[in-house]
Amino acid sequence: MAQHKTSLGRRTFLKSSAMAGGGLIIGFNWLAGCQTSPKGETESSVPKEWFDINAYLKIGDNGIVTIISPNPEGGQGVKTSMPMIVAEELDVDWKNVIVEQAPLNTELYSRQFIGGSQAIRRSWQTLRIAGASARHMLKEAAAQQWQVPVEEITTEAGTLHHKSRNKSASYGAFASAAAAIPVPEEVDLKDLKEFKIIGTTKKNVEGKKIVTGKPLFGIDVKREGMLIAMIVHPPAFGMKLKSIDDAEAKSMTGIRDVFAVKNFDETYERQYFDTCTFNEVVAVVGNSTWEVMKAKKALKIEWEPISDYTITRNAFGNVQTVTIPAGLENSTDHMLNMAEMMKKPAKVLRKDGDPEKAFKNADQVIERTYTAPFLAHNCMEPMNFFAHVTPEKAELIGPLQKPEYTEKALSARLEMPLEKIDIQMTRLGGGYGRRSYAHFLIEAALISQKVNAPVKLMYTREDDMTSGIYRPTYSATYRAALDKENNLIAFHVNAGGVPESPLYANRFPAGAVDNYLAEDWTIDSNITTGSFRAPRSNFIAGAEQSFLDELAEVAGKDPIEFRLELLERAQKNPVGENNDYEADRLAGVLKLVRDKSDWATEKNDVSRGVSAYFCHNTYVAQVLELTIEDGKPVVPRVSCAVDCGIVINPDGAINLSEGAIVDGIGNALYGSMTFKNGIPEKSNFDKYRMIRHSEAPKSIDVHFVKNDIDPTGMGEPAFPPVFGALANALYKATGKRLYNQPFMAEEINLG
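Just so you know, these numbers come straight off a predicted model, no measurement behind them.

(A) Structural detail: the sheet that holds strand 9 (residues 159-162). The strand order across the open sheet built from three strands is 8-9-10, with neighbouring strands paired in antiparallel fashion. Only two strands of the sheet have a single partner each, and these edge strands are strand 8 (154-156) and strand 10 (167-170). Averaged over all pairs of adjacent strands, the angle between their axes in this sheet comes to 25 degrees, without regard to strand direction. Relative to strand 9, strand 8 runs antiparallel, the two sharing three bridges. In the sheet register, Glu 156 faces strand 9, and the bridge partner there is Thr 159. Relative to strand 9, helix 2 (residues 119-146) is tilted by about 45 degrees, and along the sheet it contacts strand 8, strand 9 and strand 10. The strands touched by helix 3 (residues 171-178) are strand 8, strand 9 and strand 10; relative to strand 10, the strand with the most contacts, the crossing angle is about 80 degrees.

(B) Seen up close, unusual backbone geometry. For the peptide bond that leads from Val 498 to Pro 499, omega is -5 degrees, which places it in the cis range. For the bond running from Gln 741 to Pro 742, omega is -5 degrees, close enough to zero to count as cis. Structurally, the position occupied by Pro 742 is in the segment after helix 16 (721-734). Backbone geometry at Asn 486 places phi at a positive 65 degrees, although glycine is not the residue there. For Asn 486, the location among the structural elements is in the loop between strand 26 (473-482) and strand 27 (488-498). Residue Asn 486 is classed as partly exposed on the basis of its relative accessible area of 23%. The backbone of Asn 617 shows a phi angle near 70 degrees, a positive value even though the residue is not glycine. Topologically, Asn 617 is positioned in the loop between strand 29 (607-615) and strand 30 (618-629).

(C) Region of interest: helix 16. With 14 residues, helix 16 should reach 20 Å at 1.5 Å per residue; the first-to-last C-alpha distance of 20 Å fits that figure. In terms of residue burial, helix 16 counts as a mostly covered element, since eleven of its 14 residues are buried. Among all positions in helix 16, only Pro 721, Val 722, Phe 723, Gly 724, Ala 725, Leu 726, Ala 727, Asn 728, Ala 729, Leu 730 and Tyr 731 are buried. Gly 735 sits one or two residues past helix 16 and shows a positive phi near 80 degrees.

(D) Spotlight on the packing of aromatic side chains. Tallying each qualifying case throughout the model produces 27 aromatic pairs. With 5.7 Å between their ring centres and 55 degrees between their planes, Phe 273 and Tyr 437 make a pair best called tilted. Highlighted residues: Phe 273 in the loop between strand 15 (270-271) and strand 16 (280-286) and Tyr 437 in the loop between strand 24 (421-425) and helix 10 (439-451), separated in sequence by 164 residues. Summarising the burial analysis for this pair, Phe 273 and Tyr 437 share the class buried. When the centroid spacing of 6.0 Å and the interplanar angle of 80 degrees are considered together, the rings of Tyr 370 and Tyr 478 count as edge-to-face.

(E) Highlighting the pattern of salt bridges. Under the counting rule described, the total for this entry stands at 35 salt bridges. Measuring nitrogen to oxygen at the nearest pair gives 3.0 Å for the salt bridge that ties Lys 603 to Glu 625. Separated by 22 residues along the polypeptide, Lys 603 in the loop between helix 14 (583-596) and strand 29 and Glu 625 in strand 30 bring together distant segments of the chain.

(F) Quick look at the environment of Arg 413. Relative to the elements of secondary structure, Arg 413 occurs in helix 9 (residues 403-414). Sequence separation between Arg 413 and Pro 720 is 307 residues; the distance between their C-alpha atoms is 37 Å.

(G) Highlighting the environment of Ile 85. Tracing the backbone through its elements, the reader meets Ile 85 in helix 1 (residues 78-90). Take Ile 85: its relative accessible area is 0%, and that puts it in the buried class. Separated by 113 residues in the primary sequence, Ile 85 and Ile 198 place their C-alpha atoms 6.5 Å from one another. When near neighbours in sequence (up to four residues on either side) are disregarded, Ile 85 contacts Ile 120, Trp 124, Leu 127, Arg 128, Ile 198 and Ile 648.

(H) Highlighting the sheet that holds strand 24. Taking strand neighbours across the sheet as the criterion, the seven strands line up as 14-16-12-25-22-23-24 in an open arrangement whose pairing is mixed. Of all the strands in the sheet, just strand 14 (255-262) and strand 24 have a single pairing partner and so form its edges. Pairwise comparison of adjacent strand axes, ignoring direction, gives a mean angle of 20 degrees for this sheet. Sheet topology places strand 23 (residues 394-398) next to strand 24; five bridges connect them, and they run parallel. By the bridge assignment for strand 24, Leu 396 is matched with Ile 423.

(I) A look at the nonpolar core. Judged by nonpolar contacts, the single largest core of 92 residues is most densely connected at Leu 396, Leu 441, Ile 447, Leu 624, Ile 665 and Leu 726. Not counting the four nearest positions on each side in its chain, Leu 441 is found in contact with Phe 385, Leu 396, Leu 400, Thr 406, Leu 410 and Ile 423. One finds Ala 541, Ala 543, Ala 583 and Val 610 within the second-largest nonpolar core, a separate group that totals 52 residues.

(J) Quick look at the packing of helix 13 (residues 559-572) against helix 14. Where helix 13 contacts helix 14, the axes come no closer than 9 Å and their chain directions differ by 155 degrees. Between helix 13 and helix 14, the angle is such that the two are roughly antiparallel. As for the relative orientation of helix 13 and helix 14, their crossing is left-handed in sense. In this structure, helix 13 uses Ile 560, Glu 561, Arg 563, Leu 564, Leu 567, Ala 570 and Gln 571 to contact helix 14, whose residues at the interface are Ala 583, Asp 584, Leu 586, Ala 587, Leu 590, Lys 591 and Arg 594.

Quick notes on the rules
- Residues numbered from 1 in each chain as written.
- Predicted model: local features only at pLDDT ≥ 70, side-chain atom pairs only at ≥ 80, totals over all residues.
- Heavy atoms only, no water.
- Pairing = 2+ DSSP bridges.
- Helix = DSSP H or I, 4+ residues; strand = E, 2+ residues; numbered from the N terminus.
- Axes fitted to C-alpha atoms, helices over the stretch in contact; angles between N-to-C directions.
- Contact = heavy atoms within 4.5 Å.
- Buried < 20%, exposed > 50% of the residue type's maximum accessible area, 1.4 Å probe, protein only.
- Expected span 1.5 Å × (residues − 1).
- Phe/Tyr/Trp six-rings, centres within 6.5 Å; stacked < 30°, edge-to-face > 60°.
- Salt bridge = Lys/Arg side-chain N within 4 Å of Asp/Glu carboxyl O.
- Core = buried A, V, L, I, M, F, W, Y, C linked by side-chain atoms within 4.5 Å.
- Parallel < 35°, antiparallel > 145°, perpendicular 65-115°, else oblique.
- Left-handed = near helix turned anticlockwise from the far one by under 90°.

Quick look at the structure:
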């Protein structure tokens, strides 16, 4: 076993307290240090005196262990995998572990949000130390009562043993006594070979509740006297509210009120996630959903064009000025404008060697341009939030990803101190970025404050799909210089988008080519964009991996071997010092997927494409098999190799990989949001094409690289590479390279 300090700095890491009803409760901070709490609390509640910690491990006198989890659950499985980590080090029986969702408390918790596939990576050591510390304190309590050395106490499945004296007792029997034991300065963590829970498959702890329809989601919330609210937003980006004629709507049965709601004041310095699609909307409030929907249609609203304006945004301490241009934008203009930007000087993000000279002296130059459109999130559960705001308190319940940031914006808007705001988090009915931008929470609170009643705000599918937040539209041009032996001697990527660039300048093949140039640009827009599953990577990976396949073909090399040769250079003699990735790990997943997909064996009945990418600290490679049946692409099998370090819950990790692959194929083939005069041209699933059950791969096999590296992200990394694998397989099947997403919009011969 290795010893680890429980005190990691000035902030409290562990605190213990004897609870009034008996038992032991340990709180732990994600990033922090340790001391004993002076006060106790009842077993069924979160101790109110522990404001400076983030989550809690409770051991009841009945032996039940509860993890109160601060992070929202959005389907990534943290409510299962996090308690698995604690249970492992605590050495408790998994069947006696439960988990509860904590409400938002920015004094008690830190990093109380989900995003960036970081939940397990950031909490790995903390959760282990919390479990190990509790186990040590239980052993100390037993040693004192049994009057034996603590080193002679062993644990197994929630039971303490002293074998030579034939004594044993459950954790629950010593929980109260353990609470009086000082938290150890150092604890032993298990060797990985001792793991019994981590690395084994555990079913989702909320699985039964989900499939039996229990009220887990924000849209399920009901309260006595609750009213229903909906919003009407401008019909086009680049327009704003001018006037409302609400006479007819207000006279309709069940309607309580109609009024305008403004999310942010013009002088407010927005935080990073305070993105707001339409700052001023019209709220309709009534007794029932149907009555409110009918009243919306009766409104006569006049809209007017916006003028250019700027907003100030604080991006985690970096204050930015964001320009919002006037005008009604069109997707056709976006494509033309991006093409023009490619011809202009761009911002150089990285330059190795002398790429200009290498291109000038090259025997052959390959140049290709790739594009992708805006994408809508289309969460299964449309945006919604419950709010009850009174002069004394603001109570809010619903699904959001970044509650601690949203709370600050709400406090400023309501002019109410944080201690009077209570945000309770429900399970997310879909997210991956969309619920990071919780303007709908602020709308719900302002509506409740106005009508002086509890309110549930609900977006219709049309509201949700046409009001942002979208994945930006992107374009990237790649150039490669080859010598007379078809060796890659220079690589150039020029990428940008509306209104964001997708470029990661220090990722592969940076570090593998002597002469390398990466530059980017952006175009301002009034169409609101934000995080989308694996931000930026979700486009640039597919473009990069498609281009590398084309280079391999020109060089006359196998696509996997071509990549491995570059990675060998990056591993043995890397260019530059800022490469984001570990070349041996990226090569490792390529080799694993090569073997598991039986890549070396020719298959006449299928076409295959390969792709490999690093993002969110995780390495993923995929081989996609494709056939054309009745003029449509069919995916019989996808093989996926993942290096995410130690796998906590294989079942959950496999599910995340499978979901990412299906999601990626659907977006690559069909995903697109287009605009005409600022108006989204798709408002529901009759026009916005999603992948269907019958179009999902018939088989997905996921394989993990086995190593002892601390775990990294799994929610997003398997999403980006499938775009490239699909494009490369489609080329093999049709003989045509695809450069513009969605692929099914191109005129390709699938016969």
